[in-house]
Amino acid sequence: MPSLDHDPVVIVLVLFSCRAIQETQMKYLSEWDQWKRYSSKSWKRFLEKAREMTRHLELWREDIRSIEVICLCTKLREKFSSASNRCLTLFLADMQCTIYPVSSSGLIYFYSYIIDLLSGTGFLEETSLFYGHYTIDGIKFENFTYDLPLAYLISTIAYLALSLLWIVKRSVEGFKVNLIRSEEHFQSYCNKIFAGWDFCITNRSVANLKHSSLRYELRADLEEERIRQKIAQRTSEETLRIYSLRLFLNCIVLAVLAACFYAIYLATTFSQEHMKKEIDKMVFGENLLILYLPSIVITLANFITPVIFAKIIHYEDYSPGFEIRLTLLRCVFMRLATICVLVFTLGSKITSCDDNTCELCGYNQKLYPCWETQVGQEMYKLMIFDFIIILAVTLFVDFPRKLLVTYCSSWKLIQCWGQQEFAIPDNVLGIVYGQTICWIGAFFSPLLPAVATVKFIIIFYVKELSLLYTCRPSPRQFRASNSNFFFLLVLLIGLCLAIIPLTISMSRIPSSKACGPFTNYNTTWEVIPKTMITFPSSLQSVIHGITSEAFAVPFFMIICLVMFYFIALAGAHKRVVVQLREQLSLESRDKRYLIQKLTEAQRDLRDQ
């Protein structure tokens, strides 16, 4: 209930009652007392009037009061304007960050569809091939709602996790076989000479190939043994000279890699700055060249650097087997690092800008209104260009070369050129390169794995035709166990390199506000904690316990103990193997001794 003390009617009644009581009391006072009371009241009123007059005589009183009022009004206005400006800025920022220009309709040149198909722009950009097509709206069913943002992120993580598990499983199997094969130094010559022939061979050409393969393996083993003896007989001056030469040649290799990376950076920067021009302002070839400039530079680097590495490796004085492995490792690093340079260059362009757009949106909204789609387009262009190059080399280089070698074999130049060899490492590295592009682009272009699957199926049949009709087998035979383990290891490195930029883009770079299923989230990963909030409290406590330090530290210690146990177990098994080999050697000596004694006994019996 409201208080009666603040009721205005009550206050007025109280004042009237007080005045009536005072008038009643005045009637009963003497004239002297009445005069004293009136005079005291008059004196009080005079003093109040005098104080008011002195206040008006103060210097700059009115000006100061007006300034105080102005300052107060100014402060209020500043606060109001700052609040309104902040609201207006946030509103304009939200409006600016959600702007996503749609491809203009109207008169379109005929070659624009070809450019769109090759670059992923135009009509193809609005399809489900790219990130921007998907929205934040869930799909509602009768009993539940399909959370599209969460499903989008979980499907990408599951795809990468399954790939990792499959590669690790296959790598462990290959590592076991490789470990067993690596212990066969003493038996390698005997196995190749006495058990290296395949008696199922019935074709003469296959038999000749098997002969050349065995000759190459024996020659390589003898060369490696010669290199070992040469290394053991080197003097300190020769060792210093060869290591200085290797250091110099490795500096050249690093310089070549740095030049390639810088060229990719310049090509990507130039392409991103000039690709926003209207198509009608450029001719067909110029537009296509600008769109595919990073892919062209990466492909040229992948073609040129293996030739340079193959020439450099001959001067480093390594064994033939180590030369092959080191050249392959350099080529692998070159192929995978070029993709990473392209991705990180795009990331730097997305997160940097000259105006205050990055402060408002968190990324360069002016050039990249939907940056995830544009990164997906770059991966799509790499995939398509790699496919075009493989088809072009097979159709316009390998087949004409086969025809020239077949019908113009009398020419000395054609004889020096020779028939194309089917190099297994180069083809496998090409597959690893394409798969790495697929892994990186899987988040930005959800249907890119399907495109990669179709590409690999077509490439398989193209390579099969090329192998059967245009190529000759390589005289170098690659052991299945060693090569499988090596290529799976390379594939694992490619997957790890693909996970790094994906993790940074999901957790650090703000998601696009103009497109995609994460427009209401600051980052892509933010959908995970917001989804966990909806879980029951017991499940939340379990998840927080698993992800806390109290669980991580003991788990890490247990994993380390298990790892040390298996390392110790492997060492014990290795010692047992060594002991068994020594036992077999002793048994063979005993048998030789017994045979020798038996021979002597038989000779003595004959002499008798």
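Residues numbered from 1 in each chain as written. Predicted model: local features only at pLDDT ≥ 70, side-chain atom pairs only at ≥ 80, totals over all residues. Heavy atoms only, no water.

A.B. asks: Where do I start with the overall build of the protein in this structure?
C.D. replies: Helix and strand counts for the protein stand at 20 helices and four strands. Within the span of the protein, comprising 608 residues, buried residues form 33% of the whole. Counted over contacts in the protein with a minimum sequence separation of 6, partners at least 24 positions apart contribute 73%. Total accessible area on the protein is roughly 40600 Å²; 66% of this is exposed by carbon and sulfur atoms. (Helix = DSSP H or I, 4+ residues; strand = E, 2+ residues; numbered from the N terminus. Buried < 20%, exposed > 50% of the residue type's maximum accessible area, 1.4 Å probe, protein only. Contact = heavy atoms within 4.5 Å. Areas by Shrake-Rupley, 256 points an atom, 1.4 Å probe, with all protein chains shown as cover.)

A.B. asks: What is the right way to read the pattern of salt bridges from this model?
C.D. replies: Opposite charge on two side chains allows them to pair when their charged atoms are near. Evaluation of the coordinates by the stated rule reveals four salt bridges. When the shortest N-O distance is used, the salt bridge between Lys-381 and Glu-378 registers 3.0 Å. Highlighted residues: Lys-381 and Glu-378, both in helix α13 (residues 371–407), separated by three residues, approximately one helical turn. Accessibility assignment for this pair places Lys-381 and Glu-378 in one class, buried. With a shortest N-O distance of 3.3 Å, Glu-526 and Lys-530 are connected by a salt bridge. Assessed through its relative accessible area of 18%, Glu-526 is described here as buried. For Lys-530, a relative accessible area of 40% translates into the label partly exposed. (Salt bridge = Lys/Arg side-chain N within 4 Å of Asp/Glu carboxyl O.)

A.B. asks: Hey, could you run me through the packing of helix α8 (residues 236–274) against helix α10 (residues 293–313) in this one?
C.D. replies: A pair of packed helices can be characterised by two numbers: the angle between their axes and the separation between those axes. Packing of α8 against α10 brings their axes to within 9 Å, and their N-to-C directions diverge by 170°. Accordingly, the angle class assigned to the pair α8 and α10 is roughly antiparallel. Across the interface between the two elements, Leu-249, Ile-252, Val-253, Val-256, Leu-257, Cys-260, Ala-263, Ile-264, Ala-267, Thr-268, Phe-270 and Ser-271 of α8 pack against Leu-293, Pro-294, Val-297, Ile-298, Ala-301, Thr-305, Ile-308, Phe-309 and Ile-312 of α10. The residue inventory of the contact of α8 with α10, partitioned by class, reads 18 nonpolar, three polar and no charged. (Axes fitted to C-alpha atoms, helices over the stretch in contact; angles between N-to-C directions. Parallel < 35°, antiparallel > 145°, perpendicular 65-115°, else oblique. Nonpolar A, V, L, I, M, F, W, Y, C, P; charged D, E, K, R; others polar.)

A.B. asks: Which parts of the structure should I look at to understand the environment of Leu-247?
C.D. replies: By the element assignment, Leu-247 lies in helix α8. Overall, the relative accessible area of 56% leaves Leu-247 in the exposed class. Once the C-alpha coordinates of Leu-247 and Glu-316 are considered, the two residues, 69 residues apart in sequence, prove to be 9.3 Å apart.

A.B. asks: Teacher, can you tell me more about helix α15 (residues 424–441) here?
C.D. replies: In an α-helix, one full turn covers 3.6 residues, which means residues spaced three or four apart are oriented alike. Between its first and last C-alpha atoms α15 spans 26 Å; for 18 residues at 1.5 Å apiece the expected length is 26 Å, and the two agree. Within α15, 14 of the 18 residues are buried, which leaves it mostly tucked inside the rest of the structure. (Expected span 1.5 Å × (residues − 1).)

A.B. asks: Looking at this structure, how should I read the nonpolar core?
C.D. replies: Counting residues in hydrophobic clusters, the biggest one holds 80 residues, and the most contacted among them are Trp-371, Met-379, Phe-443 and Phe-518. For this core, the element with the highest residue contribution is helix α11 (residues 320–350), accounting for 13 residues. (Core = buried A, V, L, I, M, F, W, Y, C linked by side-chain atoms within 4.5 Å.)

A.B. asks: Any chance you could explain the packing of α13 against α15 here in plain terms?
C.D. replies: Two numbers describe how α13 lies on α15: the axes approach to 9 Å, and their chain directions differ by 160°. Taken as axis vectors, α13 and α15 run roughly antiparallel relative to one another. In this structure, α13 crosses over α15, and the sense of that crossing is left-handed. Between α13 and α15, the contacting residues are Met-379, Leu-382, Met-383 and Asp-386 on the first element and Tyr-433, Gly-434, Ile-437, Cys-438, Ile-440 and Gly-441 on the second. Its residues assigned to classes, the contact of α13 with α15 shows seven nonpolar, two polar and one charged. (Left-handed = near helix turned anticlockwise from the far one by under 90°.)

Any functional reading would require information that these geometric values do not contain.
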